[in-house]
Amino acid sequence: MGREMGEGFDIKNYLPDGKKVGTVLSGKLENLPSLPVVALKLLKLTGDLESPADQLVKVVETDPSITAKVLKTVNAAAYGFGRKISSVQHAIVLLGFEKIRTLSLEISLYDQFLSVQQTSRFDYTFFWQHCLSVASLSRAIAEVKGHPNPEDVYVAGLLHDLGKMLLESHGKITYGDFLEHNDYSCERLVTEEYQFIGLPHDQLGAFFCERWGLSDSLVLPVRFHHESYRFLGLDQERMLEIAIVSLANYLTWAQGIGSVDMKYHQSLQLETMELVPVEELDIANLLARMDREVQETAEFYNITFPSLEQLRGNLLLFNMDLCKLNSEYVYRQVEMEDKLKVLSSLKDIITSPYGSLNRREIINHTLSALHKEYHYDRLYLLEVQEKTRVFKISYFMNFCDKGDELTGLEIQITPMLEGFIDCLRSKVPKVIDGRTSDEARVLEQLGVREFGIVPIVSDDRVTGLIGVDNVVSEREIVRADLSAITLVAHELGKALEHAALFYRYRVMASIDGLTGLYNRSAISEKIKHHFLKARSTGEPLTLAMVDIDYFKNFNDNYGHIAGDMVLKILARTMRKFSRPKDFLGRYGGEEFMTILPETGFEDGFHYGERLRKEVEKLGRLLYKRYPAQKLTVSVGVASFEAVLNKSEELIAKADNHLYMAKKMGRNKVVGIHEGEKKWAGGKNAVAREVNDEKERTEVERDL
């Protein structure tokens, strides 16, 4: 277990320091936490000549409970020995040193950490099922890949999520707390953990594995099962160990056997897919073996794991294939001579620059140019709607007197749309002529005998289809023409990609880089737009201005990184309480704005109070991490009134109510609408307006 790394490699360079770990755990670092003495001794024992079997016997027999459970296990029907085994020494002879060592370690860890009562959202039984599944699958893959010690890889799989268990039992913010207060909708799991807890589970688990003196063959898979490790300069065996545990973790997660019951995006390192190509593994057999071993363990501990009735085998291989880049398929051009004849006439369309980065103008320019060259009666753009699984005609140009309007027409995607499916897969244009019943149905929808489709390709990916037909003239769709149009479609794909990139950059220019909310300029424009709409239609409109109380204390006491984390947490909480039609912005340093369209004063005020209470609740939890300052917010609520002439007046009104909330002692929501004052939060406070300039200056100084 103690083989050397590459020259100059030091695992400590990739671990947090003790001071950082101390900020996320309760109690002094030197007192926290430790594996059972027996487990540590077992982990440091190896099967070579320096650690003979009698040392293993001595370690196991120091704990009568472990001895009894080991003997109970080896005497179980699963091993099928003909006579009863009554000693650890005999068990080692029959099963081998490493098998008994692994079994003893598993029992020791279960007794220490997992035979506990459920006290939070962190489900120990679900967690234990995941760890056993990853360990079992890791050992099986290691055997297939010819690793010299599959039992070592089993132990690495068993320990890979150790950090979650340590956080649950010793964290200032427990893992159950983390699960309860996060929705994991945007970012990677380890990123969410870092922002909310202060350290991700992989770094924390690896820190303690190294602190306990475990070998790098165990520490490295714990540390890097979520991150790239190609750059570390490790030898092939160490990289293979990380790859096996990473893949086993991914495969169990893909079947719904994660370490926690939550939905988040799981990724797999590219180097893992290279080191352990999944297509070379007998996935169905490996998973069946894992199920069997995990079920035997469940029966031994007399526990019931969640159902394993998940999609397996072929579905998993299909999903893995989706993770890889599509290989380019080179096809022969149909009727090449005819295509060469039209290339010169297409030259102007292909080489002429698009005069706009507007998506609609680009498409209109292309379809008009194609009509001018080929005189199709109708041209249209079909786009795949992923959620509803339909092709939708999003752009339509009709150059004849007859034929229905096609914009918005939807074509249900089915396996029987063979021409469509082939076009998407092979990136080759097709003529749809009704060869299947579903294609005949589409022809009837369009009112034609046939039509052509050409794939729009960008970055080797089909992003849409150009459709053409001759609904009035009924001229034949020439396949050679479609092949030539492929070049135009490729240029269109590039142009649309540039337009999308321009749009993304334009959106990015309106987004606050830290929180992901609108920046001040963008949110101000949104307020102006909805203010004018409220004035013209009478539609209700409410603003909620939110400010973090004593935010400066977070920066002064814990540094600007901690302050940034608090800002991100508040932004995430505001998203959680907002509707899709609401607009959220970072208005100043620690000041935020929510636009609530179609919302009256009462509902807007209740929104502010729900948000305040949630942040106060969250602040009590984060106080374990930042004890010098509780997180709370003050909220000023203002609604549109007919007497207001400009959006700036509505903003000023919300700002004034925010100052009142601050003056009342903070952690308050204040609003005044048509003379009626409302406030909520805190005790024994009296609302009053802050109009005096001296008072406002004092409040600003307090901030």
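Predicted, not measured: the structure shown is a model, and the values here were computed from it.

The subject of this paragraph is the environment of I672. Relative to the assigned elements, I672 resides in strand β11 (residues 669-673). Judged by its relative accessible area of 11%, I672 falls in the buried class.

What follows covers the nonpolar core. The biggest cluster of nonpolar side chains holds 129 residues, and the ones touching the most others in it are I141, L204, L214, V276, I548 and F592. With 11 residues, the single largest contributor to this core is helix α7 (residues 124-144). Here V276 is in contact with I141, K145, L240, A243, I244, L247 and L281, once residues within four sequence places are set aside.

So, about the environment of I257. Structurally, I257 is set in the loop between α14 (236-254) and α15 (270-275). The exposure class assigned to I257 is buried, which follows from its relative accessible area of 2%. Sequence spacing of I257 and F126 is 131 residues, and the spatial spacing of their C-alpha atoms is 7.7 Å.

Okay, the sheet that holds strand β4 (residues 430-432) next. One open sheet holds the 6 strands; their spatial order is β3-β2-β1-β6-β5-β4, and the pairing between them is antiparallel. The sheet terminates laterally at β3 (410-412) and β4, the two strands that pair on one side only. Each strand axis lies, on average, 30° off the axis of its neighbour in the sheet, ignoring direction. With 8 bridges joining them, strand β1 (residues 378-385) and strand β2 (residues 390-398) adopt antiparallel strand pairing. By the bridge assignment, R378 is partnered in β2 with N398. Each of β1, β2, β3, β4 and β5 (451-458) is contacted by helix α21 (residues 437-446), which is oriented at about 170° to β3, the strand it contacts most.

We now examine the sheet that holds strand β7 (residues 541-548). Sheet architecture is open: 6 strands sit in the order β8-β9-β7-β10-β11-β12, paired in mixed fashion. Edge positions in the open sheet fall to β8 (583-586) and β12 (676-680), since each of these has one partner strand only. The mean angle between the axes of side-by-side strands here comes to 15°, regardless of whether they run parallel or antiparallel. Pairing between β7 and strand β10 (residues 633-639): 7 bridges, direction antiparallel. Paired with V546 across the bridge in β10 is V635. Of the strands in this sheet, β7, β8, β9 (591-597), β10, β11 and β12 are in contact with helix α26 (residues 601-622), which crosses β11 at around 175°.

Turning our eyes to something else, we now look at the packing of aromatic side chains. In the structure shown here, the tally under the stated rule is 17 aromatic pairs. Centre to centre, the rings of F207 and F208 are 5.2 Å apart; their planes meet at 85°, and the pair counts as edge-to-face. The residues F207 and F208 share a single accessibility class, namely buried. Ring geometry for F208 and W212: centres 5.7 Å apart, planes at 40°, overall tilted. An aromatic cluster is built from F551, F554, Y558 and Y626, whose rings are joined through pairwise contacts. A cation over an aromatic ring shows up here: R223 above the ring of F224, its NZ or CZ 4.7 Å from the ring centre. The positively charged end of R666 is found above the aromatic ring belonging to Y550, 4.2 Å away from the centroid.

Reading the values: the criteria
- Residues numbered from 1 in each chain as written.
- Predicted model: local features only at pLDDT ≥ 70, side-chain atom pairs only at ≥ 80, totals over all residues.
- Heavy atoms only, no water.
- Helix = DSSP H or I, 4+ residues; strand = E, 2+ residues; numbered from the N terminus.
- Buried < 20%, exposed > 50% of the residue type's maximum accessible area, 1.4 Å probe, protein only.
- Core = buried A, V, L, I, M, F, W, Y, C linked by side-chain atoms within 4.5 Å.
- Contact = heavy atoms within 4.5 Å.
- Pairing = 2+ DSSP bridges.
- Axes fitted to C-alpha atoms, helices over the stretch in contact; angles between N-to-C directions.
- Phe/Tyr/Trp six-rings, centres within 6.5 Å; stacked < 30°, edge-to-face > 60°.
- Lys NZ or Arg CZ within 6 Å of the ring centre and 35° of its normal.

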